[in-house]
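# Structure at a glance
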Amino acid sequence: MTLWAQRMGAGPAPEMMAFNESLAFDRALAAEDCEGSAAHVRGLGRAGILSSEEVELLTAALGRVATELAEGRFVFAAGDEDIHTAIERRVTEIAGPTGAKLHTGRSRNDQVATALRLWTRRRLGHLAQAVLGLEEALAARAAEAGGAYLPGYTHLQRAQPVPLGHHLLAHAFALARDVDRLLAARDRLNVSPLGAGALAGSSLPLDPAGTAADLGFAAPFDNSMDAVSDRDFVAETLFCAALLGVHLSRLGEEIVLYSSEEFGFYRLDDAWATGSSMLPQKKNPDVAELARAKAGRLIGHLAGFLATLKGLPLAYNKDLQEDKEPLFDTVRQLELALGALRGVVATMRFETDAMQEAADDPALGAVDLAEWQVARGTPFREAHGVVGALVREALNSGTPLATLVAAHPALGPEAAALVAPGGAASQERTPGGASLRSVARQLATLHARIAADRARIG
Ligand code: ARG
């Protein structure tokens, strides 16, 4: 039986129930719903609406239901429209007539908003933790990379040599921003909607501040209509997740590219790669490809949910039930992606000889050669022209660039060293730039930040 059966002449049509129910997916909120309900019951006790015996009875019943749900022993019934309905029904079975008092002063509207905030608050912490794990894997590999260099690219054309550690840490710093965003979103969602009722609060003497404190929320809602219709925290989580997904897709794409025969910079560990059903020689970077692909799905969840919210009138509308599947799926996909990608990053082999050979391309010292002239008084644009012309001549004539530079009247052997193997790599660079000294500083910065973020997660 539904919670609202007395209002209707006829029982619900099966197709109506099939379309309307959310139990298929919102059972994920079971623990948080019991948690929110127990806080509500204690609040009713403090307000003198329930006796201490009734509070005892209901919280014990809720505890038992939570255990049944956690252990997979809970038996759902036809008519359980959603997890909230199912839990109230079972509490009433256990607690008897007192169960009928559980929903006093409460609506599923503030109830579901409370449970979903509790769920999201917890998961944002877990996600931040998982992102830190990948960040740490990148930092460890960057530290281990030592003096290895590879070409840095712009337009996917070789640009300047960069330490492998510098390259890996670029991804880690993007992830550090993701952690910050996830935790900031968690701070913002930490407001309790409990006590907002259906939309206008209750005429009973409830104390939203008390239940907010009980549930560890920083504050109760300011406006009951906003409290039951606000899903900003879902949209924000989906955005943080989509951007994190974009970062993972860029890292994924790079692993796909660098583990190809053509680049040959990374070699995937067998345990973290797949084979082909037909081509016996293949070793495929499926994890990196899926990490690349999932971003599409996450962006879709964000765009889809924003479209759901757009134009909704106040206050609660059933449209809001559509918040759950994208949110749950997003969190699940990211948990999987972060764990798998971490494994790939932690175990892949660096083919430093291939990287070095590519980084030794003499043309990668071109801008250092121009700056060498700038340091001796030549305007940059002029120096750029001199080097550009020499590169063109080297390509056309087949003469090594270093030979041309050594023979040039304004340049000579000292300048030629910049376009010899290792020349550009040995240059001192801007703080934060691509030098080994900079990588050491970045590692210290990142480790401090990781430690601070761990403390923030709590
Ligand atoms: N399953 C619903 C949801 O997820 C719970 C709230 C239902 N509220 C209502 N007034 N029918 O949004």
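Since we're looking at a predicted model, the values are computed, not measured. (Residues numbered from 1 in each chain as written. Predicted model: local features only at pLDDT ≥ 70, side-chain atom pairs only at ≥ 80, totals over all residues. Heavy atoms only, no water.)

### Quick notes on the pattern of salt bridges
Summed over all chains, the structure comprises 33 salt bridges. In this structure, Asp214 engages Arg42 in a salt bridge whose closest nitrogen and oxygen atoms are separated by 2.8 Å. Within this pair, whereas Asp214 is found in helix α8 (residues 208-214), its partner Arg42 is found in helix α3 (residues 30-46), the two being separated by 172 residues in sequence. Residue class for Asp214 comes out partly exposed when judged on its relative accessible area of 31%. On the basis of relative accessible area, Arg42 is assigned to the partly exposed category, the value being 33%. (Salt bridge = Lys/Arg side-chain N within 4 Å of Asp/Glu carboxyl O. Helix = DSSP H or I, 4+ residues; strand = E, 2+ residues; numbered from the N terminus. Buried < 20%, exposed > 50% of the residue type's maximum accessible area, 1.4 Å probe, protein only.)

### Some thoughts on the site of the ligand
Taken together, the residues surrounding the ligand are Ser22, Asp26, Asp82, His84, Arg108, Asn109, Val112, Tyr316, Gln321 and Lys324. Asn109 is positioned with one of its side-chain polar atoms (N or O) 3.0 Å from a nitrogen atom of the ligand. Within the side chain of Tyr316, an N or O atom sits 2.5 Å from an oxygen atom of the ligand. In the complex, 86% of the free accessible area of the ligand, which totals 340 Å², lies under the protein chains. (Near = heavy atom within 4 Å. Polar contact = N/O pair within 3.5 Å; in protein donor to acceptor, adjacent residues only side chain to side chain. Areas by Shrake-Rupley, 256 points an atom, 1.4 Å probe, with all protein chains shown as cover.)

### What to know about a nonpolar patch on the surface
On the surface, Leu199, Met225 and Leu314 cluster together into a nonpolar patch covering about 270 Å² of accessible area. Mapped onto the elements, Met225 comes out in helix α9 (residues 224-229). Overall, the relative accessible area of 32% leaves Met225 in the partly exposed class. (Patch = residues over 30% accessible without salt bridge, like charges linked within 9 Å, V, L, I, M, F, W, Y side chains within 5 Å.)

### Digging into the side chain of Glu32
Inspection of the secondary structure assignment puts Glu32 in helix α3. With sequence-adjacent residues up to four places away left out, Glu32 is seen in contact with Ala115, Leu118, Trp119 and Arg122. (Contact = heavy atoms within 4.5 Å.)

### Brief notes about the packing of aromatic side chains
According to the stated counting rule, one finds nine aromatic pairs in the structure shown. Ring geometry for Tyr258 against Tyr266: centres 5.3 Å apart, planes inclined by 65°, an arrangement best described as edge-to-face. Looking at Tyr258, the relative accessible area reads 3%, which means it is buried. You can call Tyr266 buried: its relative accessible area is 3%. Every member of this aromatic cluster is reached through a ring pair, and the members are Tyr153, Tyr258, Phe263, Phe265, Tyr266 and Phe350. (Phe/Tyr/Trp six-rings, centres within 6.5 Å; stacked < 30°, edge-to-face > 60°.)

### Description of the packing of helix α6 (residues 108-144) against helix α10 (residues 232-258)
Remark: α6 packs on α10, axes separated minimally by 11 Å, with the N-to-C direction vectors making an angle of 20°. It follows from the interaxial angle that α6 and α10 lie roughly parallel. Between α6 and α10 lies a crossing of left-handed hand. Each of Ala113, Leu116, Arg117, Thr120, Leu124, Val131 and Leu134 in α6 lies in contact with α10, whose residues at this interface are Phe233, Val234, Thr237, Leu244, Leu248 and Leu251. Its residues assigned to classes, the contact of α6 with α10 comprises ten nonpolar, two polar and one charged. (Axes fitted to C-alpha atoms, helices over the stretch in contact; angles between N-to-C directions. Parallel < 35°, antiparallel > 145°, perpendicular 65-115°, else oblique. Left-handed = near helix turned anticlockwise from the far one by under 90°. Nonpolar A, V, L, I, M, F, W, Y, C, P; charged D, E, K, R; others polar.)

### A word on the packing of α6 against helix α18 (residues 436-457)
Where α6 contacts α18, the axes come no closer than 11 Å and their chain directions differ by 160°. Judged by the inter-axis angle, α6 sits roughly antiparallel to α18. In this structure, α6 crosses over α18, and the sense of that crossing is left-handed. Residues Gly125, Ala128, Gln129, Leu132, Glu135, Glu136, Ala139, Ala142 and Ala143 of α6 lie in contact with α18, whose contacting residues are Leu443, Leu446, His447, Ile450, Asp453, Arg454 and Ile457. For the contact of α6 with α18, the residue count by class is nine nonpolar, three polar and four charged.

### Some remarks on helix α11 (residues 286-309)
In this model, α11 (24 residues) spans 35 Å end to end at C-alpha, consistent with the 34 Å of a helix rising 1.5 Å per residue. Looking at the packing, one finds that the buried side of α11 touches α10 and α12 (324-347). (Expected span 1.5 Å × (residues − 1).)

### Let's talk about the pairing of strand β1 (residues 149-154)
Taken together, the six bridges between β1 and strand β2 (residues 157-163) define a ladder with antiparallel strand orientation. The residue bridging Gly152 from the neighbouring strand is Gln160, located in β2. Hairpin connection between β1 and β2: a loop of two residues separates the two successive antiparallel strands, and His155 in this loop has a positive phi of roughly 55°. (Pairing = 2+ DSSP bridges.)

### Quick look at the nonpolar core
Counting residues in each nonpolar core, the largest one holds 91 residues, and the members touching the most others are Leu134, Leu164, Leu169, Leu248, Ile255 and Tyr266. Aside from chain neighbours lying at most four places away, what touches Leu134 is Leu175, Leu248, Leu251, Leu338, Leu341, Arg342 and Val345. Leu369, Trp372, Ala394 and Ala415 belong to the second largest nonpolar core, which has 16 residues in total. (Core = buried A, V, L, I, M, F, W, Y, C linked by side-chain atoms within 4.5 Å.)

### Brief notes about unusual backbone geometry
Residues Leu314 and Ala315 are joined by a peptide bond in cis, for which omega reads -5°. Relative to the helices and strands, Ala315 resides in the loop between α11 and α12. With phi around 55°, His155 is a residue other than glycine that occupies positive phi space. Within the fold, His155 resides in the loop between β1 and β2. Overall, the relative accessible area of 73% leaves His155 in the exposed class. Although it is not a glycine, Leu156 sits at a positive phi angle of roughly 55°. In this structure, Leu156 sits in the loop between β1 and β2.

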